[in-house]
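Structural overview
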Amino acid sequence: MKRVLGYGLHTLALALSLATPATFAETTAVVETGTVERVAMGARLPLNGSVFSRNDVAVTAAVAGELDWVAEPGTRFAAGEPIARLDQTPLRLRREELQGLLEREAVNEAYQSKVVERYVALSETQNLSVFLLDEALSRRDIARKDMAILEARIRQVDDEIARSQLRARFNCVLVERRKLGGEYVVPGEIIGRVVDLERLEVRVDVPISYQQRVAVGDRLDIIAGELVDTGVVRTRIAAGDPVSQTFELRIDLAGGASESIMPGQLVKVEIPLEDSNLTLAVPRDAVVIRREGSYIYRVNEQGVAERVSVVLGAGEASLVAVSGELEEGERIVVRGADRLQSGQQVMEPG
């Protein structure tokens, strides 16, 4: 009997020791916190926009010939790097032919020059007619002109050889390939398409009734998923669509936005509807919305969550305006609030 009783007490102690961490986990919640901010905020109209590259260029053949190779789609290029190359053998053979003709004409020009020198010497002693001297001068000058023409034709071939290698004019990525190595192309035929990822813009259609709310140079928030970026209005196209009653804005994105935003992506553009006023704001994720109302959890000095009812106002990017018993700089729960209870102890990870 004593052995059974001792075994039972040992089991009970083990169960209590295992239950202690679980009990602690139930009473202490792990959350992420932020602060209440005071920012300039006003009502905004979210509009759908699309991202475009300011340099979206078709890569076309400059000379006729057979393609040696074309880069793989998705390859990035720095300005000046080759994107595609044509077979240069026919061009180089033509250049060799022209170079041979030039050298032959140089021999002829040297001979005609010597003839002119002899005729000039004879004309000084009046042993040669003026007609023969003029004829020699003409042949020498024609040889020199033929040399100049051949030199120009060689430069033309050199230019074709240089343009047979298609190079990037700016930092870009090849997004489309229409021709492959071994195919024959003619001047102007599209081989592929490249896009500049460093110069992006957002195009958005804005209702004409709000045309006075935006101007060239204004800074607008661009929202792409969880990312919030700032763009500058570069162009306001002052011509409305009679059907949709909208006009187009083109907004430049900040440099480096291509790391997280790409051409073709849909984004939200927030157009201000009123002048901004200083107001209290919290991260959107901090607000818990229920049927009985909206509230957030404030964390006091003891690390205890206190439920505070709020009234929501205008939103801007990742923040939303709130009114309630809050003060600027107070610590609030940003993530994990939906699982909290008022009076519960909280802690941050790490």
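Residues numbered from 1 in each chain as written. Predicted model: local features only at pLDDT ≥ 70, side-chain atom pairs only at ≥ 80, totals over all residues. Heavy atoms only, no water.

Time to look at the layout of surface pockets. Volume-wise, the largest pocket comes out at about 380 Å³. For the lining of the largest pocket, the secondary structure elements donating two or more residues are β5 (56-60), α3 (130-163) and β9 (165-167). Here the lining of the largest pocket is built from residues that sort into 12 nonpolar, 2 polar and 3 charged. By volume, the second largest pocket amounts to about 250 Å³. Lining the second largest pocket are 11 residues, with E226, R284, D285, S318 and R335 positioned closest to its centre. Classifying every residue of the lining of the second largest pocket by side-chain character gives 5 nonpolar, 2 polar and 4 charged. (1 Å grid on protein atoms, 1.4 Å probe; cavity = no way out; pocket = protein on both sides within 12 Å on 5 of 7 lines; lining within 4 Å. Points joined across faces, edges and corners; volume = space filled by probe spheres on them. Helix = DSSP H or I, 4+ residues; strand = E, 2+ residues; numbered from the N terminus. Nonpolar A, V, L, I, M, F, W, Y, C, P; charged D, E, K, R; others polar.)

Take Q112: it is sitting in helix α2 (residues 89-124). Residue class for Q112 comes out buried when judged on its relative accessible area of 7%. Here Q112 is in contact with A136, R139 and R140, once residues within four sequence places are set aside. (Buried < 20%, exposed > 50% of the residue type's maximum accessible area, 1.4 Å probe, protein only. Contact = heavy atoms within 4.5 Å.)

Spatially, β5-β12-β10-β7 is the arrangement adopted by the 4 strands of the open sheet, whose pairing is antiparallel. Edge positions in the sheet fall to β5 and β7 (76-77), since each of these pairs with one other strand and no more. Note that β7 and strand β10 (residues 172-177) share 2 bridges and pair antiparallel. Paired with R76 across the two strands is V173, which belongs to β10. (Pairing = 2+ DSSP bridges.)

Strand-to-strand pairing in sheets goes through backbone hydrogen bonds, with the strands running parallel or antiparallel. Ordered by their spatial adjacency, 6 strands build a closed barrel running β4-β13-β16-β15-β14-β17, and the pairing between neighbours is antiparallel. Each strand of the sheet is rotated relative to its neighbour by a mean of 40°, with strand direction disregarded. Pairing analysis gives 6 bridges linking strand β14 (residues 219-224) to strand β15 (residues 227-236), with the strands arranged antiparallel. Bridge assignment links I222 to a residue of β15, and that residue is D229. (Axes fitted to C-alpha atoms, helices over the stretch in contact; angles between N-to-C directions.)

Taken as a whole and judged by the stated rule, the model has 1 aromatic pair. Between the aromatic rings of Y295 and Y297, the centroid separation amounts to 5.7 Å while the plane-to-plane angle is 85°, which identifies the pairing as edge-to-face. Judged by relative accessible area, Y295 falls into the buried class, the value being 7%. One residue, R307, lies across the ring of Y295, its end atom 3.8 Å from the ring centre. (Phe/Tyr/Trp six-rings, centres within 6.5 Å; stacked < 30°, edge-to-face > 60°. Lys NZ or Arg CZ within 6 Å of the ring centre and 35° of its normal.)

On to the nonpolar core, then. Counting 20 residues, the largest nonpolar core has V202, L220, L249, I251, V269 and I271 as its most contacted members. Breaking this core down by element, the ones donating at least two residues are β4 (44-53), β13 (200-207), β14, β16 (246-253) and β17 (266-272). Those residues in contact with L220 that sit more than four places away from it in its chain are V214, D229, T230, G231, V233, L249, I251, V269, E270, I271 and P272. If you look at the next biggest cluster of nonpolar residues, it comprises 18 residues, including V59, A61, L86 and F170. (Core = buried A, V, L, I, M, F, W, Y, C linked by side-chain atoms within 4.5 Å.)

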